[in-house]
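Residue-level structure breakdown
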Amino acid sequence: MQHLEITDLCKTYKNGVKALDNVSLTISSGMFGLLGPNGAGKSSLMRTLATLQQPDSGQISFDGINVLQHPEQLRMQLGYLPQDFGVYPRVSALDLLDHMAVLKGVLNKKQRKEQVAALLQQTNLYTERKRAVSSFSGGMRQRFGIAQALLGDPKLIIVDEPTAGLDPLERNRFHDLLSEIGENIVVLLSTHIVEDVHDLCSEMAILAGGKVILKGKPASLTQQL
Ligand code: ADP
Ligand code: ADP
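Residues numbered from 1 in each chain as written. Chains lettered and ligands numbered in written order. Predicted model: local features only at pLDDT ≥ 70, side-chain atom pairs only at ≥ 80, totals over all residues. Heavy atoms only, no water.

The protein carries the name ABC transporter ATP-binding protein in an unreviewed UniProt entry, which gives Terrimonas ginsenosidimutans as its organism. Per UniProt, the protein carries the Sequence similarities (unreviewed entry) text "Belongs to the ABC transporter superfamily." (UniProt positions renumbered as here; feature names shortened; annotations may be inferred.)

Structure below.
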């Protein structure tokens, strides 16, 4: 059973903003929701867990890996969809995903082709695979973002505010995709939308001002909001 343990994480930026203030969380298999308003520190936590920035202090472990000491070991098991996921113009979804698979270390051509096709199918983008990602709608881009996060069979994916700006239909589709994925691997989802955690997550925490102010089961917590 996969297990992400975050202990006493602190981060103050150079401008003096304390984005993470003694954050401690235990995240096990399934889907975990991190709910909080803009500026709560969600992206700071996600970037730290994705090993893209260093905290000032604290510990992170995943499946026995000391993440802050050995970030490269986590990266091999991690998929990440950042909040500001950028896409390249005039490159087809198929070619872009193939290219990203190479970067992720899926070097065998046949294996890569199979994995890329399977992920495009899983995210419902296969029929659109020849289109440039830059021409995709918001929902399609987010689904493409999930496809790239799943390259290389990660054990953990971190998705930062993936439903912001999606219309209700696309959000529902996205929910279906995430809950399917959450059956097999740990999904850590950050959002400011209560319905996201309510509909999807088995455990959640609320972050505000860099602090975890509540943690527990969505069914009991979201009623209080
Ligand atoms: P650190 O203190 O971790 O070294 P920096 O101040 O060097 O962080 O900023 C790292 C990156 O974050 C820069 O690219 C910067 O533009 C960006 N950044 C700075 N301020 C903010 C902010 N308020 N919100 C989001 N990103 C920011
Ligand atoms: P959220 O994802 O919940 O909106 P963030 O982690 O982006 O929260 O931001 C938390 C706080 O830290 C905000 O006040 C933001 O302006 C600030 N912040 C985020 N990144 C940086 C950075 N790189 N440099 C300076 N301040 C930052």
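Continuing now.
Some details on the overall build of the protein
Tallying secondary structure elements over the protein gives eight helices and ten strands in all. Buried residues in the protein amount to 50% of all 225 residues. For the protein, the share of sequence-separated contacts (at least 6 apart) that also reach a separation of at least 24 residues comes to 67%. In the structure as shown, the protein presents an accessible area of about 10900 Å², 50% of it carried by carbon and sulfur atoms. Charged side chains of the protein number 23 positive and 23 negative; the gap between the two group centres comes to 7 Å. (Helix = DSSP H or I, 4+ residues; strand = E, 2+ residues; numbered from the N terminus. Buried < 20%, exposed > 50% of the residue type's maximum accessible area, 1.4 Å probe, protein only. Contact = heavy atoms within 4.5 Å. Areas by Shrake-Rupley, 256 points an atom, 1.4 Å probe, with all protein chains shown as cover. Lys, Arg positive; Asp, Glu negative; His and termini not counted. Charge placed at Lys NZ, Arg CZ, Asp CG, Glu CD.)

Focus: the side chain of Gln148
Secondary-structure assignment places Gln148 in helix α5 (residues 138-149). Within the structure, Gln148 has its side chain in polar contact with the backbone oxygen of Tyr80 (distance 3.0 Å). Those residues in contact with Gln148, other than ones at most four positions away along the chain, are Tyr80, Leu81, Phe85, Leu97 and Met100. (Polar contact = N/O pair within 3.5 Å; in protein donor to acceptor, adjacent residues only side chain to side chain.)

Here's the deal with helix α6 (residues 168-182)
The first and last C-alpha atoms of α6 sit 20 Å apart over 15 residues, in line with the 21 Å expected at 1.5 Å per residue. Taken as a whole, α6 has its buried residues at Glu170, Phe174, His175, Leu177, Leu178, Ile181 and Gly182. If you follow the buried residues of α6, they end up packed against β3 (31-35), α4 (109-122), α5, β7 (156-160), β8 (186-191) and α7 (194-200). (Expected span 1.5 Å × (residues − 1).)

Some details on the site of ligand 2
If you check the shell around ligand 2, you find 13 residues, and the closest are Gly39, Gly41, Lys42, Ser43 and Ser44. Ala40 is positioned such that a nitrogen or oxygen atom in its backbone is 3.1 Å from an oxygen atom of ligand 2. In the environment of ligand 2, an oxygen atom lies 2.6 Å from a nitrogen or oxygen atom belonging to the side chain of Ser44. In isolation ligand 2 exposes 560 Å². Once the protein is present, 65% of that is buried. A total of four residues in the shell around ligand 2 trace back to one element, the largest contributor, which is helix α1 (residues 42-49). Here the shell around ligand 2 is composed, by residue class, of five nonpolar, six polar and two charged. (Near = heavy atom within 4 Å. Nonpolar A, V, L, I, M, F, W, Y, C, P; charged D, E, K, R; others polar.)

Quick look at the sheet that holds strand β2 (residues 18-28)
Taken in spatial order, the four strands make up an open sheet running β2-β1-β4-β5, and their pairing is antiparallel. Unpaired on one side and paired on the other, β2 and β5 (65-66) mark the two borders of the sheet. Here seven bridges tie strand β1 (residues 3-12) to β2, and the two strands are oriented antiparallel to one another. Looking at β2, one finds that His3 is bridged to Ser28. (Pairing = 2+ DSSP bridges.)

Looking at the site of ligand 1
In the vicinity of ligand 1, the contacting residues are Lys11, Tyr13 and Lys14. Lys11 has a polar side-chain atom sitting 3.1 Å from an oxygen atom of ligand 1. Between ligand 1 and Lys14 there is a distance of 2.9 Å, counted from an oxygen atom to a side-chain nitrogen or oxygen. Computed on the free molecule, ligand 1 has an accessible area of 580 Å², of which 28% lies beneath the protein chains in the complex.

Some points on the nonpolar core
Membership of the largest hydrophobic core comes to 39 residues, with the highest contact counts inside it found for Leu97, Phe144, Ile146, Ile157, Leu178, Ile181 and Val187. Dropping the residues within four chain positions of it, Leu97 is found in contact with Val116, Leu119, Leu120, Phe144, Ala147, Gln148 and Leu151. Among the nonpolar cores identified, the runner-up in size contains 27 residues, and Leu34, Ala50, Val67 and Ala205 belong to it. (Core = buried A, V, L, I, M, F, W, Y, C linked by side-chain atoms within 4.5 Å.)

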